[in-house]
Amino acid sequence: MPVLPLPASLNERLDSTALQALTQWAGAEQAREAVAALHAQLDELFDQGFDVADLVCARAAIADRVLAALWRYHGLERAGATLVAVGGYGRGELHPGSDIDLLLLFRQEPDADFGEAISAFLTTLWDIRYQVGHSVRTLDECVREATDDITVATNLMEARPLSGDDALFAEMMQRTGPPGVWPSAEFFSAKREEQQERHQRFGDTAYRLEPNIKESPGGLRDIQMIGWVTKRHFGARSLEELLTRGFLEDEEYRALMDGQHYLWRVRYALHRLSGRKEDRLLFDYQKTLALQFGHEDGPGNLAVEAFMQDYYRTITELGRLNEMLLQLYDEEILHAGEAAEVVPLNARFQVRNGYLEIRNEAVFQRTPSALLELFLILQEHPEIRGVRAGTIRAVRRHLPLIDDAFRDDIRNKSLFMEILRQPKGITHQLRRMNRYGVLAAYLPEFGNIVGRMQYDLFHAYTVDEHTLMVLRNARRLSVPEFRHELPLASQVFEQLPKPELLYVACLFHDIAKGRGGDHSVLGSEDAKNFCRRHGLSEWDTALVAWLVRNHLLMSMTAQQKDISDPDVVLDFARQMGNTTRLDYLYLLTVSDIRGTNPELWNSWKDSLLASLYRQAKQVLRRGLDNPADRAELVNEVRTMATRQLEQDGFDAERIRDHWRDFEDDYFLRHSADDIAWHARQILTAADEAGPVISLRNNADRDTTEVFVYYRDLPDLFARITRALDQQNLNILDARILGTRSGMAIDTLQLHGPDGHAVHEEARKEAICARLRQAILEEEMPVCRIGGPRSRQHRHFEVPGRIHFSHDARRNMTVMELVAADRPGLLSQVAEVLRCSGVRLHLARIATIGEQADDMFYLTDELDQPLDTETQEILRKALLAQIGEAA
């Protein structure tokens, strides 16, 4: 049986002596050295830009020579036995870390002597340091396994004999192929379902940040899927036959081959860099690969971001081709010979067997606006199952018609706005427009963000995916069956006079990412131009532009400022100006955060935004010139809390005595329900020594609330945070207040390791016990705080930054700390504050991907703002601590 020939381009480039050594077996050590020398030559050629297709083929050809010689050496070359290459190796493709997949095929079960020879054969392969995946089967077992498992049948389709009985191999191929095993229609249906499941599995957040170049949507497996179906149904030997059979045009075939070539280059480099079969583009390798592929950091765009944009654009194009080909195969394989049911819709479009198509090839050339009309028709006819492959191809071919004249045509501007105003199908069709390239053609600004990734842990999607996810989230608020997810936001959405303004803001809020400068400002100008070009009123245009410019305002206010402070809420309400802006911004903010990373949104963030929205709404309704009096607010909260306590049986006079120990800030920072809960614990434990500690869950926030009441020790907060860190708990919010009698009231919001409230009672009891122990210890024990940063976090450098400002109303120093997020960071900060003699009054914790951005309200031991000297001492101490822990 012939081994694979070396590509002609390599005949004069590889060491002939090493090649000769492979064909005449002289032991595992000599073979190992020869293989290593040849592989080193191939790697050097790769670095020189040599054709990767020849290199992966050469690796397979080298393996062929080793295996054939070794098979003969161990006496396995006999009738009734065949050595078969399967899988990628069977296709003649081996990357540096690829497994060598083998089938040892026998007509009858091998006897003991044969078994020993097989064992020695495989052991020698390991000695050569080949990574081998093998199966030993009889012919009947192959047929049975292929019949039961489509994965086995697929592997055998790509089988290639290396040495042994030709007749046995031919019989195996005949008995495991169609029509007897997995006829082409069944094979296609099963493989399509397999692909859908794989796309769902590898399309989630983790794989978007660190995609699998083989298994993720648009990856190498999708190309292989096309090849398998082509081979199964047509008996084709290569993808090139897609051209001769009319399934692909020349340009499409070139795009398919270029995409495969690019992914092969990435995979080859990735295997070399990792030293193993690693198909995930992990953060560990992305920066190095970007440099290897010739990218450099530029204004507003890192080299790694440019590299990943190339990758994402490649798999997007491959995904389009895969979709189109599977549609063609569906028609050819599953519905061939069926009578066509054609339903005309208008002069340009008709529905054939449930799929939309143009009525003739000249439709788009004669009526370019049909390139947008197609998507409107799909919205108006939700019963249509999709677009026929020929029409998808025609759309792609006619994209150059979408030029400046097209964009200025009133018909096309009206069509686009009509798409945004439809009651259903907006997200689905805009995503389709993005896949077909129409959205980027109609909105050139959008084309700049297609495939653009942001090198951080905060943004799980490319910018175009994120944008359409935000739009999807906004649309979801209008659907009654999803109302339970966000009841308040859904209610606010119902009151919007023009939902399409929200959708336009969604489309443009991040459209200027990667251009350099403030993307909010640049995007606001783009949005303004779009609105004016599409005939929106000046008022609507101003609203959309304002939303894009301020789309981060509500998120930053809710997460980084003390929204229990009436002055913070009043300042935010003044920036809103009116309730209409507030409504739109609230919905845009919720949709934006939910569309950034599924792991970012939780009930805690929901509660923060909802609280800020309600408070600001109340201020705006009352009037910006008529804010609520602080004494009025304090009295209102006290009255409500007193009512709750009286219902629980507490004496009114005792309650009033209790309140006398508290400053007004306490009543402004906590709700009536919180204050009543605190009072119950304190009054009930009045005769007990030691700290008052209580935990409860807040169902609306999905957090566990911790309440600690004890003497105001200088290191109390440091003790609390260290204890909670040791319990592997995540602190979301912390408030530290003192009473007139020298007691401290520390309240914290927590999540467990799973990102939710702690529900197990035994776990809560353990937390209380550890807190009590930590508070009562005579001295804080010296121990390591926190733990190592995760693998992903270690690849992001976040320089520590500290900024001080003055809060005049509170007469406190506000410290903003930006640092790389890590376990125990807040405990480390608390420890530095304690050692520096600085008192903490409030901490707002915000984590943005790999970055912690926390706010701390501080005073000295005399409750005065920090002087400049103390600020500098604190800055140096914190930066030193952060640096040591990095």
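Check the entry above for the structure.
Residues numbered from 1 in each chain as written. Predicted model: local features only at pLDDT ≥ 70, side-chain atom pairs only at ≥ 80, totals over all residues. Heavy atoms only, no water.

Colleague: I'm lost on the overall build of the protein in this one. Help?
Modeller: Scanning the protein from terminus to terminus reveals 40 helices and 17 strands. Dimensions of the protein, computed from the C-alpha atoms along their principal axes, are close to 100 × 70 × 50 Å. For the protein, with 886 residues in total, the buried portion stands at 57%. Put simply, 72% of the contacts in the protein that link residues at least 6 apart link residues at least 24 apart. For the protein, the exposed surface amounts to about 37,800 Å²; the carbon and sulfur share of it is 47%. Charge centroids of the protein, computed over 104 positive and 136 negative side chains, lie 3 Å from each other. (Helix = DSSP H or I, 4+ residues; strand = E, 2+ residues; numbered from the N terminus. Buried < 20%, exposed > 50% of the residue type's maximum accessible area, 1.4 Å probe, protein only. Contact = heavy atoms within 4.5 Å. Areas by Shrake-Rupley, 256 points an atom, 1.4 Å probe, with all protein chains shown as cover. Lys, Arg positive; Asp, Glu negative; His and termini not counted. Charge placed at Lys NZ, Arg CZ, Asp CG, Glu CD.)

Colleague: Where do I start with the packing of aromatic side chains in this structure?
Modeller: Between two aromatic rings, the relevant description is the distance of the centres plus the angle of the planes. Counting across every chain of the model gives 24 aromatic pairs. Judged by centre distance (5.1 Å) and plane angle (45°), the ring pair of F508 and F530 falls under tilted. Taken together, the residues F508 in helix α26 (residues 499-508) and F530 in helix α27 (residues 519-533) connect sequence positions 22 residues apart. Exposure class is identical for F508 and F530. Each is buried. (Phe/Tyr/Trp six-rings, centres within 6.5 Å; stacked < 30°, edge-to-face > 60°.)

Colleague: Can you walk me through unusual backbone geometry in this structure?
Modeller: One can expect most non-glycine residues to show negative phi and most peptide bonds to be in trans. The omega torsion across P178 and P179 is 5°, close enough to zero to call that bond cis. Here P179 lies in the loop between α8 (166-176) and α9 (184-202). Even without being a glycine, R129 presents a positive backbone phi close to 80°. Mapped onto the elements of the fold, R129 is located in the loop between α5 (112-127) and β3 (132-138). One non-glycine residue, N728, adopts positive backbone phi at about 60°.

Colleague: What is the right way to read the sheet that holds strand β6 (residues 349-352) from this model?
Modeller: Backbone hydrogen bonds hold the strands of a sheet together, and the pairing may be parallel or antiparallel. Ordered in space as β5-β6-β7-β8, the four strands form an open sheet in which the pairing is mixed. For this open sheet the edge positions go to β5 (342-344) and β8 (386-387), each flanked by a neighbour on one side alone. As defined by bridge partners, β5 adjoins β6 across three bridges and the pair is classed as antiparallel. What sits directly across from P344, in β6, is Q350. The strands touched by helix α18 (residues 389-397) are β7 (355-358) and β8; relative to β7, the strand with the most contacts, the crossing angle is about 50°. (Pairing = 2+ DSSP bridges. Axes fitted to C-alpha atoms, helices over the stretch in contact; angles between N-to-C directions.)

Colleague: Any chance you could explain the sheet that holds strand β4 (residues 160-164) here in plain terms?
Modeller: Strand order across the open sheet formed by four strands is β3-β2-β1-β4, with mixed pairing between neighbours. One side of each edge strand has no neighbouring strand; the edge strands of this open sheet are β3 and β4. Here the strands of the sheet are splayed against their neighbours by 25° on average, with no regard to which way each runs. One ladder, built from five bridges, connects strand β1 (residues 81-85) with strand β2 (residues 100-106); its direction is antiparallel. Within the sheet, the bridge partner assigned to L83 lies in β2 and is L104. Sitting on the sheet, α8 touches β1, β2 and β4, and the angle it makes with β2 is about 105°.

Colleague: Please explain the side chain of R476 as it appears in this structure.
Modeller: On the secondary structure map, R476 appears in helix α24 (residues 463-476). Sequence-distant contacts of R476, defined by excluding residues within four places in its chain, comprise F482 and E485.

Colleague: Where do I start with helix α17 (residues 370-380) in this structure?
Modeller: Residues lying three or four places apart along an α-helix face the same way, a consequence of the helix completing one turn every 3.6 residues. Within α17, ten of the eleven residues are buried, which leaves the element mostly enclosed by the surrounding structure. Residues A370, L371, L372, E373, L374, F375, L376, I377, L378 and Q379 constitute the buried set of α17.

Colleague: Looking at this structure, how should I read the pattern of salt bridges?
Modeller: Once their charged atoms are close, side chains differing in charge can pair, the charge on each being opposite to the other. Applying the stated criterion across every chain, the model contains 67 salt bridges. With its nearest N and O atoms 3.1 Å apart, the salt bridge here joins R320 to E317. One end of the pair is R320 and the other is E317, both in helix α15 (residues 303-334) and three residues apart, which spans about a single turn. Of the charged contacts in the structure, one is a salt bridge between R388 and E357, with a shortest N-O distance of 2.8 Å. With a gap of 31 residues between them, R388 in the loop between β8 and α18 and E357 in strand β7 connect regions that are remote in the sequence. (Salt bridge = Lys/Arg side-chain N within 4 Å of Asp/Glu carboxyl O.)

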